[in-house]
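Here is how the chains run, residue by residue.
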Amino acid sequence: MINYEDTQEKRYYIKALTKSLYDFQNYRIRTAGRLNLKADKTAQKDNGTKAYLTLSAIESLQECFSYIEKAETMFSRKLTQAIKEMPEWTGFLTDIRGLGPLMAAVLISEIDIEKATTVSKIWQFAGLNSGSVKGKKIENGSAVETNDLIRGDKPARGYILPYNKFLKTKLMGVLSVCFIKTNSPYRKYYDDYKSRLENSEQVITGKDCKWCETSALHRDVAARRYMIKMFLKDYYIAVRSIYGMEIRNCYQEEYLGHIHKDSNKNKKQKPK
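Let me sum up the structure you'll find in this document. Owing to the predicted nature of the structure, the values given are computational and were not obtained by experimental measurement. (Residues numbered from 1 in each chain as written. Predicted model: local features only at pLDDT ≥ 70, side-chain atom pairs only at ≥ 80, totals over all residues. Heavy atoms only, no water.)

**A word on the overall build of the protein chain**
When helices and strands are tallied, the protein chain shows eight helices and two strands. Each helix (α) and strand (β) of the protein chain, taken in turn from the N terminus, gives the series α-α-α-α-α-β-β-α-α-α. Put simply, the protein chain has 272 residues, and 39% of those count as buried. Sequence-distant contacts, at least 24 apart, represent 59% of the contacts inside the protein chain between residues at least 6 apart. When the accessible surface of the protein chain is split by element, carbon and sulfur atoms take 49% of a total near 16300 Å². (Helix = DSSP H or I, 4+ residues; strand = E, 2+ residues; numbered from the N terminus. Buried < 20%, exposed > 50% of the residue type's maximum accessible area, 1.4 Å probe, protein only. Contact = heavy atoms within 4.5 Å. Areas by Shrake-Rupley, 256 points an atom, 1.4 Å probe, with all protein chains shown as cover.)

In structure tokens, the structure reads:
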């Protein structure tokens, strides 16, 4: 059994690398925009905006752009190396189609599996809980929980954001798309749920229409959220099992062929 505390130092290192990599990625994208370049480095279409950069200024920016690319590559290489040494990767994430080392780094560095004693805590932390939670406010420099109920997946004016925005963005904006594009086995959750919504007469909470009447985009987002929740459920079970932690929900057959047998379906699972 692997001791979770023994991996904490590497976890902090991975988080620093991940944040730095995304910083350089952001710098690269912004600099490319100033050079009128697309993601593949080809020129953007002329939108009629007059360019005021001189040739020497463009050459200087291109030099900086090249430096940023090299730095981004270096961080990516070091991050990939660090991730492949983590138990979460070798024991579970390496087999997930559509999920690479960078997304694994986001999961490992942002989700403290020791604190995530239930999968619902991960769902809330990731901004996937559309139910109500008690809002928190800053009072005298500290976060104070109130009795006011706010949406668990939406920002509310005057309250601390009830979820990790960075994690939600990567899960919903990147991982869900990768699962669909790579035809990951997790896509079945998406397809089945979306099909169910298209034929559902259930009225959407807080709205005056049924799921079958709402927009295709609305159903798409709901289906992607469900797919990611099912993945996080598997992640919770697999990673807490790796570290010998208690699992408070039932073991189930994993969609990817990883079978978690559970003879006591309604009892808490305890580490061996």
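**A word on the pattern of salt bridges**
Oppositely charged side chains are able to pair whenever their charged atoms sit close together. Within this structure, the stated rule accounts for 10 salt bridges. The residue Glu88 makes a salt bridge to Arg11 at a minimum N-O spacing of 2.7 Å. Here the residue Glu88 occupies a position in helix H3 (residues 87-91), and Arg11 occupies one in helix H1 (residues 8-34), the gap between them amounting to 77 residues. Accessibility classification places Glu88 together with Arg11 in one group, the buried group. Its salt-bridge partner being Arg187, residue Asp191 comes within 3.3 Å of it at the nearest N-O pair. Of this pair, Asp191 and Arg187 both sit in helix H7 (residues 187-198), four residues apart, which is roughly one turn of the helix. By relative accessible area, which is 33% here, Asp191 ends up partly exposed. We classify Arg187 as partly exposed; its relative accessible area is 25%. Here the salt bridges do not stand alone but share partners, grouping Lys15, Lys19 and Glu110 into one network. (Salt bridge = Lys/Arg side-chain N within 4 Å of Asp/Glu carboxyl O.)

**Quick notes on helix H6 (residues 165-181)**
With 17 residues, H6 extends 23 Å between its outermost C-alpha atoms, agreeing within 8% with the 24 Å of an ideal straight helix rising 1.5 Å per residue. In H6, a bend of some 30° at Leu171 exceeds every other bend along the element. Among all positions of H6, only Phe166, Leu167, Lys170, Leu171, Met172, Leu175, Ser176, Phe179 and Ile180 are buried. Its side-chain oxygen placed 3.1 Å from the backbone nitrogen of Phe166, Asn164 serves as the N-cap of H6. In the segment just after H6, Asn183 is the residue with positive phi, at about 55°. (Expected span 1.5 Å × (residues − 1). Bend = angle between axes of the 7 residues up to and from the residue. Polar contact = N/O pair within 3.5 Å; in protein donor to acceptor, adjacent residues only side chain to side chain.)

**Let's talk about the pairing of strand S1 (residues 132-139)**
Sheet analysis places S1 next to strand S2 (residues 142-151), joined by seven bridges and oriented antiparallel. Looking at the pairing, Ile138 lines up with Ala143 of S2. Hairpin connection of S1 to S2: two residues between the antiparallel strands, including Asn140 at a positive phi of 55°. (Pairing = 2+ DSSP bridges.)

**Things to note about the packing of aromatic side chains**
Here a ring pair, both rings aromatic, is described through the centre-centre distance and the interplanar angle of the planes. With the rule as written, the count across this model stands at 13 aromatic pairs. Where Tyr186 meets Phe231, the ring centres are 5.5 Å apart and the plane angle is 90°; that geometry is what we call edge-to-face. With a gap of 45 residues between them, Tyr186 in the loop between H6 and H7 and Phe231 in helix H8 (residues 216-242) connect regions that are remote in the sequence. Owing to a relative accessible area of 0%, Tyr186 belongs among the buried residues under this scheme. (Phe/Tyr/Trp six-rings, centres within 6.5 Å; stacked < 30°, edge-to-face > 60°.)

**What about the environment of Thr169?**
Relative to the helices and strands, Thr169 is located in helix H6. Judged by its relative accessible area of 42%, Thr169 is partly exposed. Separated by 43 residues in sequence, Thr169 and Ala126 have C-alpha atoms that sit 8.8 Å apart. Polar contacts involving the side chain of Thr169 include one to the main-chain carbonyl oxygen of Lys165, which spans 2.9 Å.

**A look at a nonpolar patch on the surface**
Residues Ile138, Ile160 and Leu161 make up a contiguous nonpolar surface patch of roughly 230 Å² in combined accessible area. As for its position among the elements, Ile160 is in the loop between S2 and H6. Owing to a relative accessible area of 31%, Ile160 belongs among the partly exposed residues under this scheme. (Patch = residues over 30% accessible without salt bridge, like charges linked within 9 Å, V, L, I, M, F, W, Y side chains within 5 Å.)

**Thoughts on the packing of H7 against H8**
For the pair H7 and H8, the least separation of the axes is 8 Å and the interaxial angle reads 140°. By the angle class used here, H7 and H8 are oblique. The handedness of the crossing between H7 and H8 comes out as right-handed. Facing H7, whose interface residues are Arg187, Tyr189, Tyr190, Tyr193, Lys194, Leu197 and Glu198, H8 presents Arg219, Asp220, Ala222, Ala223, Arg224, Tyr226, Met227 and Met230. (Axes fitted to C-alpha atoms, helices over the stretch in contact; angles between N-to-C directions. Parallel < 35°, antiparallel > 145°, perpendicular 65-115°, else oblique. Left-handed = near helix turned anticlockwise from the far one by under 90°.)

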